Amino acid sequence: MSDPVYLDYNATTPVAPEVLEAMLPYLREVYGNPSSSHVYGRSAYDGIDRARKEVAKLLGAHVEEIVFTGCATEASNIAILGVMRALGSIKRHVITSAIEHPAVLQPCLRLREDGWDVTILSVDQTGRIDPEAVARVIRADTALVSIMQANNEIGTVQPIAEIARIAHSHGALMHTDAAQSVGKIVVDVKALGVDLLSIAGHKFYAPKGVGALYIRKNTPIASVIVGADHERGVRPGTENVPAIAGLGAAAKIARERLAASTAHLRQMRDLLHHRLAEAIPGLILNGHPELRLPNTLNVSFPGVTGRALLEAAEADVAASLGSACHSESDTVSGVLAALGATIEQALGAVRLSVGTPTTTRDVARAAKALIAAYAKIHR
Ligand code: PLP
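Residues numbered from 1 in each chain as written. Predicted model: local features only at pLDDT ≥ 70, side-chain atom pairs only at ≥ 80, totals over all residues. Heavy atoms only, no water.

(A) View of the side chain of threonine 126. By the element assignment, threonine 126 lies in the loop between strand 4 (117-121) and helix 5 (131-137). In this structure threonine 126 comes out as buried when scored by relative accessible area, which is 19%. In this structure, threonine 126 is in contact with Ile154, Thr156, Gly287, His288, Pro289 and Leu339, ignoring residues within four places of it in sequence. (Helix = DSSP H or I, 4+ residues; strand = E, 2+ residues; numbered from the N terminus. Buried < 20%, exposed > 50% of the residue type's maximum accessible area, 1.4 Å probe, protein only. Contact = heavy atoms within 4.5 Å.)

Here's what the structure looks like:
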C-alpha cells in the first residue's frame, strides 16, 4: 500500500530537489559566519546576498528592502509591532480582518491589550473584504492596515491594491501577509502597493524555519527584537544561511515557473472538485468561487464531520480540517464562522490543497477514497 496522497500543501510543502541542492553546500563546506570578514564568512555572506536578490526579484522589490526572518509569523510580528513602536506616539489605530492568521491577529490583539484601538473588519460570505469597509473605518490616526493577500483555509484572495490605495490616501501604511499566495499567484509589491509584506519559505518548497519581510524604503519601523545589526537590525541573530539559500532557490523556481504551476494547480484542484461534486449532492464550496488561490479547495460534506471523513479516508488521503493550527479539536473554524457558515457546514469542512507535485492519479485516488469514506459514514 502506498503512502496516502498528500493534499495539505497549504500546511506545508516538501523541499524541492533543486532547493535541497542549493542548501547542501551551506550545511557542508560553507559554514562560516556571514558576519566574519575572512573568506569563510564572505562565502556565507555571498550565499545570503544571492538569495536576497532572488527573493527581491520574485516580489518586484529592491534588494535592500528584503529582511530574512525565522518564519512568516516573525515577519508579521516585526511588521505590525515595529510600525506601531515607530508611530505609537502619533497614531494609535490599526485595521485588520476577522480571517487573518494568528500570526497577524495575535500581535493586533496584543496592541489592543496595550491600549491601542484595533478595528477587526468582517468579511462577506465568500471571505472578501470590501475596500469600502476599510474606507468607512479608517481615521487620521490609523497607523497601519494589515490584510492578508490570500486566506490559508479557504484561499480567498483580497483586493489588496485597492485597500492599499485607501490606506495611503489617509496616511496609513499597508501590510499584507502573503504566506499563502507567494508561489501560487503573482505577488508584486509595486502592483499591490504595499509597504510591508510577509512570506514563509515552507509554503513554496523551501524549508521550514525561514521567511522574509519586505519593507519598502523609508517605511518607519522600530526594533522589536534587539541584538546585533544583522538584517539591518530589524532581525538580529546569526542568519540561517542554508535555509536562506534554500529560500532563494525556491524564489527563483517560483518566479520562473509561476504561469505553468498556477495552471497545473488550478487543473488539479478543479478536477478534484468536479469528481467530489459529481458524487456528493449538497457539497458546498467554502470561499470565493473565482477569486481564490488556484490550489485550494475547501468543501463542506453534508451530514458528516470533516474529522470523521478524514479519519475514514486516512489510508489514502492526508488533508486538513480548516487550518492545520486547529486540528486537535472539533471547534468551529474562526474563518468559516466569519463567513457566516452554519455549524453543520463548518464541522463538515475539509481543506484539500494541491501542490506542484500533485498528479491526476493522485486526484483520482483521493477523490475515490473520499467518496467511499463518505458513503460509509453518511446516513
Ligand atoms: N500566515 C498564513 C496565511 C499562514 O498560512 C501561515 C502558516 O500556516 C502563517 C502566516 C505562519 O507561517 P510560519 O509558520 O512560517 O510562521
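(B) Expanded view of the domain arrangement of the protein. When its domains are assigned, the protein resolves into domain 1 (5-13 + 258-377) and domain 2 (17-253). Inter-centroid distance (C-alpha atoms) of domain 1 to domain 2 is 27 Å. Facing 33 residues of domain 1, the contacting portion of domain 2 comprises 30 residues. When domain 1 packs against domain 2, the two sides together hide about 2,400 Å² of surface, and 57% of this comes from carbon and sulfur. (Domains from an automatic or database assignment. Buried area = accessible area lost by both parts, 1.4 Å probe.)

(C) Structural detail: helix 3 (residues 72-87). The end-to-end C-alpha distance of helix 3, which contains 16 residues, comes to 22 Å, matching closely the 22 Å that a straight helix rising 1.5 Å per residue would cover. Within the span of helix 3, buried status applies to Ala72, Glu74, Ala75, Ser76, Ile78, Ala79, Ile80, Gly82, Val83, Met84 and Leu87. (Expected span 1.5 Å × (residues − 1).)

(D) Molecular detail of the packing of helix 8 (residues 241-279) against helix 12 (residues 360-377). Interaxial distance between helix 8 and helix 12 falls to 10 Å at its minimum, and their mutual angle equals 25°. With respect to their mutual orientation, helix 8 and helix 12 come out roughly parallel. Crossing handedness for the pair helix 8 and helix 12: right-handed. Contact residues: Met268, Leu271, Leu272, Arg275, Leu276 and Ala279 in helix 8; Thr360, Val363, Ala364, Ala367, Leu370 and Ile371 in helix 12. For the contact of helix 8 with helix 12, the class distribution of residues is ten nonpolar, one polar and one charged. (Axes fitted to C-alpha atoms, helices over the stretch in contact; angles between N-to-C directions. Parallel < 35°, antiparallel > 145°, perpendicular 65-115°, else oblique. Left-handed = near helix turned anticlockwise from the far one by under 90°. Nonpolar A, V, L, I, M, F, W, Y, C, P; charged D, E, K, R; others polar.)

(E) Up close: the nonpolar core. Membership of the largest hydrophobic core comes to 65 residues, with the highest contact counts inside it found for Leu59, Val145, Leu197 and Phe204. Sorting elements by how many residues they give to this core places helix 8 first, with ten residues. Viewed by domain, this core spans two of them, domain 1 (5-13 + 258-377) and domain 2 (17-253), each represented by three or more residues. Residue contacts for leucine 197: discarding those within four places in its chain leaves Leu59, His175, Thr176, Ala178, Val187, Val189, Leu192, Ala212, Leu213 and Tyr214. (Core = buried A, V, L, I, M, F, W, Y, C linked by side-chain atoms within 4.5 Å.)

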